[in-house]
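Coordinates in review
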Amino acid sequence: MAGPPPQFCPWCGTPIAFEAHEHEARHELFAEQARAEGNDPPPLPERVKEMLTGDSYVAACPGCRTISHVVGHRPPET
Ligand SMILES: [Zn+2]
C-alpha cells in the first residue's frame, strides 16, 4: 500500500482532495510511437522505469487553477 495522497495544493497550499489517477504507462506509449515511426528506442533504464511507476493522484486546485499530478512511490519490497 502506498501512503495517502497529499491533502494540499503544492503550489499555493489550498486544501484539495487528490483523486487516484489511472497511471498511464507513458514510457511504453512513447516507445510504441517511436516504433511506429520506424525507430527502435532503447529500453529504459530500470531507474527511470521505477520513477515512472507508482500510484498517481490528480487534483485541480480552485485557488491557483493548477492541475497537479503527484506520484506516490511504494516503499521498496523487503
Ligand atoms: Zn493551488
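Quick caveat, the model's predicted, so the values are computed rather than measured.

Description of the overall build of the chain
Per the secondary structure count, the chain includes 2 helices and 3 strands. Walking the chain from its N terminus toward its C terminus, one meets helices and strands in the order β-α-α-β-β. Evaluated residue by residue, the chain yields a buried proportion of 6% over its 78 residues.

A word on helix 1 (residues 26–36)
Buried residues are scarce in helix 1, accounting for 0 of its 11 residues. Directly after helix 1, the chain includes glycine 38, whose backbone phi takes a positive value near 90°.

What to know about the environment of serine 56
Structurally, serine 56 is set in strand 2 (residues 55–60). Residue serine 56 is classed as partly exposed on the basis of its 19 C-beta neighbours within 10 Å. Residues serine 56 and phenylalanine 18 lie 38 residues apart in sequence; the distance between their C-alpha atoms is 9.4 Å.

Considering the sheet that holds strand 2
If you walk across this open sheet you meet the 3 strands as 1-2-3, and the pairing is antiparallel. Of all strands in the sheet, those bounded by a partner on one side alone are strand 1 (19–21) and strand 3 (67–72). Each neighbouring strand pair of the sheet contributes to a mean axis angle of 35°, computed without reference to strand direction. Note: strand 2 against strand 3, 6 bridges, orientation antiparallel. Looking at strand 3, one finds that serine 56 is bridged to valine 71.

With respect to unusual backbone geometry
The phi angle at arginine 65 is positive, at roughly 60°, despite the residue not being glycine. Tracing the sequence through the fold places arginine 65 in the loop between strand 2 and strand 3. Using a count of 9 C-beta atoms within 10 Å as the deciding quantity, one classes arginine 65 as exposed.

Structural notes on the confidence of the model for the chain
Reading fine detail from the predicted coordinates is not recommended where pLDDT is low. For the chain, the mean per-residue pLDDT works out to 80, and 79% of the residues sit at or above 70. The weakest mean pLDDT in the chain belongs to helix 2 (residues 46–52) at 74; the strongest belongs to strand 2 at 85.

Scoring rules and cut-offs
All residue numbers refer to position in the chain's written sequence, counted from 1. Local features in a predicted model are, by the rule used here, given only for residues with pLDDT of at least 70; side-chain atom pairs are given and counted only at 80 or more, and totals for whole chains, interfaces and linings are based on all residues. Starting at the N terminus, helices and strands are each numbered in turn, a helix being any DSSP run of H or I of at least four residues and a strand any DSSP run of E of at least two. Buried residues are those with 20 or more other C-beta atoms within 10 Å of their own C-beta, exposed residues have 12 or fewer, and partly exposed residues lie in between; C-beta atoms are placed from the backbone. Strand pairing is defined by DSSP finding a minimum of two bridges between the two strands. Angles shown run from 0 to 180 degrees and are taken between the N-to-C directions of axes, each axis being a line fitted to C-alpha atoms and, for helices, limited to the stretch in contact. How sure the predictor is of each residue is captured by pLDDT, a score from 0 to 100.

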